[in-house]
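Listed here are the chains, written in short residue letters.
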Amino acid sequence: MANIFAQQITWIYTYDLPSTARFYAEGLGLEQVLDQGMCRVFRATPHSFIGVCQRPDRHVEPKGVILTLLTKDVDGWRRRMGDYGAHIETEPSYSERAQAYAFFCRDPEGYRIEFQEFRDPRWIWPDPSGATP
């Protein structure tokens, strides 16, 4: 059942939609692809999205949530997020156990964002041309 889903959205909630949406648009440079008024959807990859919502019936619960963004330029993202003024939680480091190089920061609501490069040879990076393996 390979590729049984066409797309994926991870939804997070905020008490301050303008500030949080600005972080995802300006700080991360993600394209906003949909504005539903109380929710905004940002493209993270060609087929995955981050949705940010402010709704009176939802609580902001960042504890235990990690949004992991895979990149081959962890150090570049560390500089960018530092320059943007994001709360940097850890400096880039290599985990032998995970075979990954990563750092963590927080968005305005406290959601933990990990910028990670898998260095495990079993990990399949997408073909830059858009072809699927």
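Located above this text is the structure these notes cover.
Quantities reported herein were computed from a predicted structural model and do not represent experimental measurements.

Undergrad: Explain the overall build of the protein chain to me, please; I cannot follow it from the model alone.
TA: Secondary structure summary: the protein chain contains 2 helices and 9 strands in total. Going from N to C terminus, the protein chain has its helices and strands arranged as β-α-β-β-β-β-α-β-β-β-β. In terms of overall dimensions, the protein chain is globule-like: its C-alpha atoms have a radius of gyration of 15 Å, near the 14 Å expected for 133 residues. Expressed as lengths along the three principal axes of its C-alpha atoms, the size of the protein chain is roughly 45 × 35 × 25 Å. Looking at the 133 residues of the protein chain, the share that counts as buried comes to 36%. In the structure as shown, the protein chain presents an accessible area of about 8,500 Å², 52% of it carried by carbon and sulfur atoms.

Undergrad: Looking at this model, I keep getting lost on helix H1 (residues 17-27). Mind explaining?
TA: For an α-helix the count is 3.6 residues per turn, leaving residues at separations of three or four pointing the same way. Taken as a whole, H1 has its buried residues at Leu17, Thr20, Ala21, Phe23, Tyr24 and Gly27. Downstream of H1 by a residue or two, Gly29 has a phi angle that is positive, lying close to 75 degrees.

Undergrad: Just checking my understanding: could you explain the pairing of strand S3 (residues 39-45) for this structure?
TA: A regular strand carries its side chains on alternate faces of the sheet. Bridging between strand S2 (residues 31-35) and S3 involves 4 bridges; their strand directions are antiparallel. The residue of S3 that forms the bridge with Gln32 is Phe42. The hairpin turn running from S2 into S3, its antiparallel successor, is 3 residues long, and Gly37 in that turn takes a positive phi close to 85 degrees. The sheet contact formed by S3 and strand S4 (residues 48-53) spans 6 bridges and is antiparallel. Note that in S4 the partner of Thr45 across the bridge is Ser48.

Undergrad: Quick question: what am I supposed to make of the nonpolar core here?
TA: General note: in soluble globular proteins, nonpolar side chains tend to be found buried as a group. The biggest cluster of nonpolar side chains holds 26 residues, and the ones touching the most others in it are Tyr24, Leu28, Met81, Cys105, Ile113 and Phe115. Sorting the residues of this core by element identifies strand S1 (8-13), H1, S3, S4, strand S5 (66-70), helix H2 (74-84), strand S8 (100-106) and strand S9 (112-118) as the ones contributing at least two each. With sequence-adjacent residues up to four places away left out, Ile113 is seen in contact with Phe23, Tyr24, Leu28, Leu67, Leu69, Phe103, Phe104, Cys105 and Asp107.

Here is what the cut-offs are and how they apply
Residues numbered from 1 in each chain as written. Predicted model: local features only at pLDDT ≥ 70, side-chain atom pairs only at ≥ 80, totals over all residues. Heavy atoms only, no water. Helix = DSSP H or I, 4+ residues; strand = E, 2+ residues; numbered from the N terminus. Rg over C-alpha atoms; globule rule 2.2 N^0.38 Å. Buried < 20%, exposed > 50% of the residue type's maximum accessible area, 1.4 Å probe, protein only. Areas by Shrake-Rupley, 256 points an atom, 1.4 Å probe, with all protein chains shown as cover. Pairing = 2+ DSSP bridges. Core = buried A, V, L, I, M, F, W, Y, C linked by side-chain atoms within 4.5 Å. Contact = heavy atoms within 4.5 Å.

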